[in-house]
Amino acid sequence: MKLTTFSYRGRTRIGTIEGDSIRTVAWQDSMRQLIRRGIRPSPTYERAIPLADAQLHAPLIPGKIIAIGRNYAEHAAETGSPLPDKPIIFAKFPSSVIGPGDAITWRESITTEVDWEVELAVIIGQRAREVSEEDAMNYVYGYCVANDVTARDLQQKIDAQWTRGKSLDTFCPLGPYIVTRDEIADPQNLAVKTTVNDEVMQDSNTKHMIFSVKHLISYSSQMFTLEPGDMILTGTPDGVGMGRKPPVFLKDGDTVTVSVEGIGEVSNPCKVIAE
Ligand code: MG
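Residues numbered from 1 in each chain as written. Predicted model: local features only at pLDDT ≥ 70, side-chain atom pairs only at ≥ 80, totals over all residues.

Caption draft 1: Spatial organisation of the overall build of the protein chain. When helices and strands are tallied, the protein chain shows 5 helices and 19 strands. Taking 275 residues into account, the globule formula puts the C-alpha radius of gyration at 19 Å, and the protein chain, at 18 Å, falls close to it. Projecting the C-alpha coordinates of the protein chain onto the three principal axes gives extents of approximately 55 × 45 × 30 Å. By residue count, 45% of the 275 residues in the protein chain fall in the buried class. The long-range share in the protein chain, meaning contacts at least 24 apart out of those at least 6 apart in sequence, stands at 73%. (Helix = DSSP H or I, 4+ residues; strand = E, 2+ residues; numbered from the N terminus. Rg over C-alpha atoms; globule rule 2.2 N^0.38 Å. Buried ≥ 20, exposed ≤ 12 C-beta atoms within 10 Å, placed from the backbone. Contact = placed C-beta atoms within 7 Å.)

Caption draft 2: Geometry of the domain arrangement of the protein chain. In terms of domain boundaries, the protein chain breaks down into domain 1 (2-56) and domain 2 (65-272). The straight-line distance from the C-alpha centre of domain 1 to that of domain 2 is 25 Å. Listed as interface residues are 8 residues of domain 1 and, on the opposing side, 11 residues of domain 2. Breaking the side of domain 1 that touches domain 2 down by element, the ones donating at least two residues are strand E1 (2-8) and helix H1 (31-36). Of the residues belonging to the side of domain 1 that touches domain 2, the class tally is 4 nonpolar, 1 polar and 3 charged. (Domains from an automatic or database assignment. Nonpolar A, V, L, I, M, F, W, Y, C, P; charged D, E, K, R; others polar.)

Caption draft 3: Representation of the sheet that holds strand E9 (residues 104-106) within the structure. One open sheet holds the 5 strands; their spatial order is E9-E19-E18-E15-E16, and the pairing between them is mixed. This sheet does not close on itself; its edge strands, each paired only once, are E9 and strand E16 (199-205). For this sheet, the mean inter-axis angle between neighbouring strands, taken without regard to orientation, is 15°. Sheet topology note: the E9/strand E19 (residues 264-272) ladder contains 3 bridges and is parallel. Looking at E19, one finds that Ile 104 is bridged to Cys 270. (Pairing = 2+ DSSP bridges. Axes fitted to C-alpha atoms, helices over the stretch in contact; angles between N-to-C directions.)

Caption draft 4: Summary view of the nonpolar core. Ala 121, Val 122, Ile 123, Tyr 143, Cys 144 and Ile 217 are the most contacted members of the largest nonpolar core, which has 68 residues in total. Looking at which domains feed residues into this core, each of domain 1 (2-56) and domain 2 (65-272) gives three or more. Setting aside residues no more than four positions away along its own chain, Ile 217 makes contact with Ala 128, Val 131, Ala 136, Tyr 139, Leu 226 and Ile 232. (Core = buried A, V, L, I, M, F, W, Y, C linked by C-beta atoms within 7 Å.)

Caption draft 5: Quick peek at the pairing of strand E12 (residues 140-147). The buried count for E12 comes to 8 of 8 residues, which makes it a mostly enclosed element. Note: strand E11 (residues 118-124) against E12, 7 bridges, orientation antiparallel. What sits directly across from Glu 119, in E12, is Ala 146. Sheet analysis places E12 next to strand E14 (residues 172-180), joined by 4 bridges and oriented antiparallel.

Caption draft 6: Expanded view of the environment of Gly 63. Locating Gly 63 in the fold gives a position in the loop between strand E5 (55-56) and strand E6 (65-69). Of the residues examined, Gly 63 has 16 C-beta atoms within 10 Å and is grouped as partly exposed. Considering only alpha carbons, one finds Gly 63 and Asp 230, 167 residues apart in sequence, at a separation of 4.8 Å. Leaving out residues up to four positions away in the same chain, Gly 63 has contacts with Arg 32, Glu 227, Gly 229 and Asp 230.

Caption draft 7: Just the pairing of E16, in detail. When strand E15 (residues 191-196) meets E16, the two strands line up antiparallel, connected through 6 bridges. The residue of E16 that forms the bridge with Val 196 is Glu 199.

Caption draft 8: View of helix H5 (residues 213-221). Taken across its 9 residues, H5 has 7 buried, putting it largely inside the fold. Those residues of H5 that fall on the buried side of the exposure criterion are Val 213, Lys 214, Leu 216, Ile 217, Ser 218, Ser 220 and Ser 221. Looking at the packing, one finds that the buried side of H5 touches E6, strand E7 (88-92), E11 and strand E17 (231-233).

Caption draft 9: Expanded view of the environment of Gly 175. Within the fold, Gly 175 resides in strand E14. Linking Gly 175 and Leu 120, residues 55 residues apart in sequence, is a C-alpha distance of 10 Å. With sequence-adjacent residues up to four places away left out, Gly 175 is seen in contact with Leu 56, Ala 58, Pro 59, Gly 99, Pro 100, Cys 144, Val 145 and Val 266.

Caption draft 10: Geometry of unusual backbone geometry. Going from Gly 175 to Pro 176, the amide bond is cis rather than trans, its omega being -10°. Cis geometry is found at the peptide bond from Lys 245 to Pro 246, where omega equals -5°. Summarising the element assignment, Pro 246 is placed in the loop between E17 and strand E18 (255-260). Notably, Asn 197 is not glycine yet its phi reads approximately 50°, a positive angle. Its place among the elements puts Asn 197 in the loop between E15 and E16. Residue class for Asn 197 comes out partly exposed when judged on the 13 C-beta atoms lying within 10 Å of it.

This is the structure we're talking about:
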């Protein structure tokens, strides 16, 4: 099932995507509440809405976002960092989440080094605490595509940790909808890609992750209770802007598109806020 949060004729609703149409779900609250309460998304008898006439939003605003650093060997290498022997965990504020088509914005007095990171996003479906790797996938609700947009100057030169550079408003494009777990046979074999203005920047596969999705869920759950509607960002492959020679960063007017095979793509324009 593909679950969307969408607007149509001024109303924001939850729906399921069926081909070129959206069927509205009989649920008036948010996607996060739908997941938390274990509601089965059943369609209403309302007429199907053409997908092309609806605006898709971020499918959910997660409760917390647990993000993983350097989870692909070639990305660790391009940043000049050693391979981690355990997952590197950092936080990204949920207030950074935007949807497909929304602008990624920043002020140049805050950052001039805005970078892209395509990632497979894992949405948690059930409370998970100290779960084993063998059981971990039972706690997955579904998957999205995320762009872990990063202000490299804040991350690397100004702060000694990553929270601010990862959490600016608009720095977590998410979508295009949630694909439920049953539709993804193997999350460790999905092509992941980023383009900036149609130029391919990242082109890899989730099979190159150092720590698998099930390992990340089990490992995180030893320390934090994972709640339904929380999200794990599983790390990005090589090809980020700071790893290029010379480095390349996003500019006003750019369009950045991230995609994960079997899930979809999320495209966002970039806009520098005038000061
Ligand atoms: Mg990342």
